[in-house]
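Chains, contacts and geometry: an overview
Now for the letters of each chain:
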Amino acid sequence: MNHKPEESRALRSLREVFDAGRPLTYIKSAEEHRIVQLLTDAATSFFQPAVPVFAWSLTDGLRRCDGAGKQNPPAEDLSPRAVLDYIAKYDGPGLFLLKDFHEPLREGGEIRRRLRDLYEVCFDRRKFVFISSPLQFIPDELTRSIILIELGLPDLVEIFAFLHSEAPGIEAAGGKVDLSDKTLQQLGRALQGLTLDEARHAVRRAVAQTGSLGTDSLAALLEEKRLLVNRTGLVQYVADSTKLEQIGGLETLKSWLTDRRRLFLMRDEVSNDIVPKGVLIMGISGCGKSLSVKAIASCFELPLYRIDMTEIFSGRHGTPEYSFAAACRMLEQIAPAVCWFDEVEMAITSAENAGEQGRLFAFFLTWMQEKSRGLFVAATANSIDLLPAEMIRKGRFDEVFFVDLPSDEERVDVFRIHLLRRGIKPEAFNLDRLKRFTKGWTGAEVEQCVVSAMTTAKLEDRELNDDDILNATANIVPLSKTMKEQVDHIREWAFDRAVRASPREAGR
Ligand SMILES: Nc1ncnc2c1ncn2[C@@H]1O[C@H](COP(=O)(O)OP(=O)(O)OP(=O)(O)O)[C@@H](O)[C@H]1O
Ligand SMILES: [Mg+2]
């Protein structure tokens with residue numbers, strides 16, 4: 001397609017309408033403010049000289065909406081019928097937005113008839129009519145005359161323009177604005193995934209808190225976004241900045257990720273085959289699967305979104321098939337991002353009947369192949385038996401990793417990390433001697449041991465010492481003991497099906 005690089009996705013879809021010369025367009029979106037902005041942009045950038053833009057609503061009638069000081073059309077009659085007549089008679093080119101026109105369409109055969117006439121009248125006269133509505137209602141007799149645009153979420157180009165448009169207001173109110181390239185990128189990424197109305201809301205709240213728009217307001221913006229995105233219930237924004245260094249062991253996985261990161265950053269320049277698509281991480285509970293996914297997002301410097309399979313299957317958002325597809329579509333719009341399908345095996349097992357399972361799963365696999373380059377899928381699974389062979393087969397994911405119980409050295413590493421995380425210098429402790437007492441422990445159990453030792457010391461009002469940790473080990477019964485058979489089974493199963501996330505050590 002031939003378009004200027006700075007053109008937003010939304011503006012591009014409008015350009016296609018004009019290029020095709022289609023006089024009637026139905027824009028499905030609740031964002032009226034944004035539509036007016038887009039039409040105004042289109043009126044100046046696609047037409048020489050610029051054409052006027054009018055907007056109509058049942059309450060306000062027809063008004064010029066492309067800037068101040070322009071003359072409004074006479075507004076004695078606000079009715080839907082009157083506005084269609086006005087457009088039909090209007091002499092010259094123009095863009096006409098009819099807000100919430102699904103209602104008049106629903107009500108009257110006369111209105112529908114009139115709209116079809118308008119098609120003929122506007123054709124080839126550079127008069128374009130846009131109906132906007134959050135609902136999609138196109139009567140049968142109009143489907144051939146009306147082109148439908150679903151205005152997705154704004155992309156970065158649109159968000160950048162929006163941020164620039166907010167700046168003067170903030171500065172006028174005495175706030176500081178930093179929209180240098182780097183900051184703009186960060187702010188833009190933080191707002192991706194929101195509608196423009198939501199972005200405006202988030203920016204204003206953040207500015208109210210911090211008095212500025214720039215790196216200082218980033219944390220507040222991300223928090224606003226977390227609240228807004230999570231409201232949909234299907235996709236959650238995970239604000240977590242776990243770094244690769246905060247994972248103990250799993251060196252093979254870490255170095256693989258570091259390599260993929262480079263390829264992922266080059267995704268627009270390299271061939272599709274080598275752009276990283278995603279990774280499947282499975283293994284024993286509490287050994288760092290979720291932790292690793294969070295680290296992927298910060299390693300790739302991307303926001304992390306988690307798809308809650310329980311929500312998908314709850315029925316609250318329609319059938320599982322429908323809501324899963326909706327979630328995937330939403331992810332496409334917030335690319336670039338890491339999307340985390342937690343307990344992905346649920347997609348295969350939780351559906352009520354086998355037909356639905358098959359379809360959902362087939363959809364997932366196709367989507368994996370076709371999704372946008374900017375999305376990296378991180379799937380995690382516990383119940384490995386439920387994973388079908390097609391899922392694991394080479395080519396679906398770039399790699400399938402198995403996260404095993406940590407080795408002696410890895411456990412020491414995990415101890416170190418958790419002490420550090422709680423502000424305690426690990427060098428002061430003899431961690432090596434803990435190896436013997438923590439065989440078969442998961443990372444989560446090591447963490448639990450550190451917490452329990454710290455609690456003891458705190459209760460006795462003293463600094464943590466070596467013995468506190470050693471004593472705490474006695475009270476923890478590891479999962480690998482209580483559920484030995486299950487753990488053995490997972491290990492055996494994964495042996496020839498997955499790559500170990502940790503380098504193999506002698507005797508294992
Ligand atoms: N390798 C590790 N390095 C550091 N911390 C770890 C490691 N493994 C586990 N932990 C600690 O244990 C907690 C639980 O781990 P995590 O949530 O990643 O487990 P999981 O594999 O996702 O388990 P589940 O299957 O139950 O979801 C982590 O939040 C982390 O604090
Ligand atoms: Mg987990």
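Source: prediction; values computed, not measured.

1. As for the overall build of the chain
The helix and strand inventory of the chain stands at 21 helices and 15 strands. Based on the C-alpha atoms only, the size of the chain along its principal axes is roughly 90 × 60 × 40 Å. Counting every position in the chain, which comprises 508 residues, the buried fraction comes to 36%. Across the chain, contacts joining residues at least 24 apart in sequence account for 76% of those joining residues at least 6 apart.

2. Overview of the nonpolar core
If you look at the biggest cluster of nonpolar residues, it comprises 62 residues, and the most contacted ones within it are Tyr305, Leu331, Val338, Cys339, Trp340, Ala378 and Phe401. No other element matches the six residues that strand β13 (residues 375–381) contributes to this core. With near-sequence residues (within four places) excluded, Trp340 lies in contact with Val293, Leu304, Tyr305, Arg306, Ile307 and Ala378. In terms of nonpolar packing, the next biggest core, distinct from the first, is built from 34 residues, Ala10, Leu14, Ala42 and Leu62 among them.

3. Re the packing of helix α1 (residues 9–20) against helix α2 (residues 32–45)
A pair of packed helices can be characterised by two numbers: the angle between their axes and the separation between those axes. Put simply, α1 and α2 touch, their axes get as near as 10 Å, and they point 60° apart. Considering their axes alone, α1 and α2 lie oblique with respect to each other. The interaxial crossing formed by α1 with α2 has right-handed handedness. Here Ala10, Leu11 and Leu14 of α1 lie close against α2, whose contacting residues are Leu38, Asp41 and Ala42.

4. As for the sheet that holds strand β12 (residues 337–341)
Judged by pairing direction, the sheet is mixed, and its seven strands sit side by side in the order β9-β11-β12-β13-β10-β14-β15 without closing on themselves. On the outer flanks of this sheet lie β9 (235–238) and β15 (499–500), each paired with one strand and no other. In the sheet, strand β11 (residues 304–307) pairs with β12 via four bridges, with the strands oriented parallel. Across the sheet, residue Ile307 finds its bridge partner in β12, namely Phe341.

5. What to know about the site of ligand 1
In the neighbourhood of ligand 1, 18 residues make up the surrounding shell, with Gly248, Gly288, Lys289, Ser290 and Gly443 lying closest. Those elements that provide at least two residues to the shell around ligand 1 are α11 (289–299), α17 (408–421) and α18 (443–459). For the shell around ligand 1, a count of residues per class yields eight nonpolar, eight polar and two charged. Counting contributing residues per domain, the shell around ligand 1 is built from domain 3 (244–403) and domain 4 (408–476), each supplying no fewer than three.

6. Considerations on the domain arrangement of the chain
Looking at the chain, the domain boundaries give domain 1 (9–150), domain 2 (156–231), domain 3 (244–403) and domain 4 (408–476). The C-alpha-based centres of domain 1 and domain 3 are spaced at 41 Å.

7. Re the environment of Ile312
Relative to the helices and strands, Ile312 resides in helix α12 (residues 309–312). With 15 residues separating them along the chain, Ile312 and Ala327 place their C-alpha atoms 8.6 Å apart. In this view, Ile312 contacts Leu234, Pro320, Ser323, Phe324 and Ala327; residues no more than four positions away in its chain are not counted.

8. Description of the sheet that holds strand β2 (residues 53–57)
Overall, mixed pairing links the six strands, which are arranged β3-β2-β4-β5-β1-β6 in an open sheet. Only two strands of the sheet have a single partner each, and these edge strands are β3 (61–64) and β6 (146–150). The sheet shows a mean angle of 25° between the axes of neighbouring strands, direction not considered. With five bridges joining them, strand β1 (residues 24–28) and strand β5 (residues 127–133) adopt parallel strand pairing. Bridging from a neighbouring strand, Lys28 pairs with Ser133 of β5. Of the strands in this sheet, β1 and β5 touch helix α5 (residues 109–122), which is tilted by about 145° from β5.

9. Structural notes on the pairing of strand β10 (residues 278–283)
Counting buried positions along β10 gives six out of six residues, so the element sits mostly inside the fold. As judged from the five bridges shared by β10 and β13, these two strands associate in the parallel manner. Bridging across to β13, Leu280 finds its partner in Ala379. Relative to strand β14 (residues 399–403), β10 runs parallel, the two being bridged by five bridges. Paired with Ile281 across the bridge in β14 is Phe401.

Criteria and thresholds
- Residues numbered from 1 in each chain as written.
- Chains lettered and ligands numbered in written order.
- Predicted model: local features only at pLDDT ≥ 70, side-chain atom pairs only at ≥ 80, totals over all residues.
- Helix = DSSP H or I, 4+ residues; strand = E, 2+ residues; numbered from the N terminus.
- Buried ≥ 20, exposed ≤ 12 C-beta atoms within 10 Å, placed from the backbone.
- Contact = placed C-beta atoms within 7 Å.
- Core = buried A, V, L, I, M, F, W, Y, C linked by C-beta atoms within 7 Å.
- Axes fitted to C-alpha atoms, helices over the stretch in contact; angles between N-to-C directions.
- Parallel < 35°, antiparallel > 145°, perpendicular 65-115°, else oblique.
- Left-handed = near helix turned anticlockwise from the far one by under 90°.
- Pairing = 2+ DSSP bridges.
- Near = placed C-beta within 6 Å.
- Nonpolar A, V, L, I, M, F, W, Y, C, P; charged D, E, K, R; others polar.
- Domains from an automatic or database assignment.

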